[in-house]
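# Examining the three-dimensional arrangement
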Amino acid sequence: MDPNLLYWKSHGQSFLGRVQIWFNILDPSSLLTSNLEIQKAHDDLGSGEKLSGKDQHLLISLSSVHADSGAVLPLIFRPPALMPLSIPWVVASLLPHRSVSPALAWQFLLQSYNAGFNYTHRNSSSEQSEKRSLRQLLLMAGTVSYATFAGALPQIIISRLHVTSAPLQSFLRFALPIPLSAALAAFSVSVIRSEEKENGVRVFDSNGNPVGISKAAGEKAVRETALSRAALFGTTAAVPNMLTLLLQRRIFQRNSLLVTSIHYSSVALVFALMIPLSFSIFPQLGAIEKESVEKELQAAAVDGHLFYHRGL
């Protein structure tokens, strides 16, 4: 088992413990670390040396190394890069636009980055080759195209149908994006990582020894990650949009500029806070009950369950 997973096994089983770890991992300063320093940090973690929860080598390894392959993650898709890179796209994608083109453009940027992030943080333990297959490339292209169009659907409806009713515009701009954002985030994870459900992922016994490949564990890993991503984007859309509707109706009816500024700020704030919270909903090293895995693997679950890398 990879040193990163061994650390999550011993330190990441409680929600509050995971939140604290993720707040430390998401420090953007770790993005300045060189690949050589990252590899050394990973080696130090694997040497068995005891490191505290705020040790720089530990945080560098957890934030920069893939727990299946041991490879250094691409800079822009490391967890600490998610907030600074995504916030402009998330804010812009939730803005009311005057035409369809900017809505599609911002959705394309956001959905493209999400697809790349989901693919980078997949469980790759059952893959035979490091190269992307044609099927995977088509899945990514189709996911980005569909999510881009669906994400811009409220603006498309307003523009193409010439919606002028204020209540209907409010519904399309502020209410509809909430379930839409959550559904599209979950959809992206489910499709991009569909091969894990079809091929399975590596499972480990309680001692960290690999015992085989399980499709049931793959399905559980993808489902949990999809739910956590839905919580991230759904909450990011829900809180600022509901706050904006409240302010428009009761407090700042005549000051639309102030309401818009509050909306921008609240989207960025909620998204930043929800990243560590959503990452912590499920453990990085998940557990699956003995009865839920394939029969040929049940004998290895001597303590009643097996472990798997959930991905991110």
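Going by the structure above, here's the rest.
Throughout what follows, the structure given in this document is the object of discussion.

Moving on, we come to unusual backbone geometry. The phi dihedral of H162 falls on the positive side, at around 55°, and the residue is not glycine. Inspection of the secondary structure puts H162 in the loop between α8 (153-160) and α9 (166-175).

Under the defined criterion, the tally for this structure stands at 7 aromatic pairs. Feature note: the residues F77, W89, Y113 and F117 constitute an aromatic cluster, connected by ring pairs. Positioned above the aromatic ring of Y119 is the side chain of R122, whose terminal nitrogen or guanidinium carbon lies 3.9 Å from the ring centre.

Between α8 and α9, the least distance of the axes is 8 Å, while the angle of their chain directions is 155°. In this view, α8 runs roughly antiparallel relative to α9, as classed from their interaxial angle. Note on packing geometry: the crossing formed by α8 with α9 is left-handed. Between α8, through P154, Q155, I157 and I158, and α9, the contact on the second element is made entirely by Q169, L172 and R173. Considering only residue class, the contact of α8 with α9 consists of 4 nonpolar, 2 polar and 1 charged.

Attention shifts here to the sheet that holds strand β3 (residues 285-289). Sheets are built from strands paired through backbone hydrogen bonds, the pairs being either parallel or antiparallel. In spatial order, the strands read β2-β1-β4-β3; together these 4 strands make up an open sheet with antiparallel pairing. If you trace the sheet from one side to the other, it starts and ends with β2 (210-214) and β3, each paired once. Each strand axis lies, on average, 40° off the axis of its neighbour in the sheet, ignoring direction. Against the sheet, helix α1 (residues 3-11) makes contact with β1 (201-204), β3 and β4 (305-309), and its axis sits at roughly 70° relative to β3, the strand it touches most.

Conventions and cut-offs
- Residues numbered from 1 in each chain as written.
- Predicted model: local features only at pLDDT ≥ 70, side-chain atom pairs only at ≥ 80, totals over all residues.
- Heavy atoms only, no water.
- Helix = DSSP H or I, 4+ residues; strand = E, 2+ residues; numbered from the N terminus.
- Phe/Tyr/Trp six-rings, centres within 6.5 Å; stacked < 30°, edge-to-face > 60°.
- Lys NZ or Arg CZ within 6 Å of the ring centre and 35° of its normal.
- Axes fitted to C-alpha atoms, helices over the stretch in contact; angles between N-to-C directions.
- Parallel < 35°, antiparallel > 145°, perpendicular 65-115°, else oblique.
- Left-handed = near helix turned anticlockwise from the far one by under 90°.
- Contact = heavy atoms within 4.5 Å.
- Nonpolar A, V, L, I, M, F, W, Y, C, P; charged D, E, K, R; others polar.
- Pairing = 2+ DSSP bridges.

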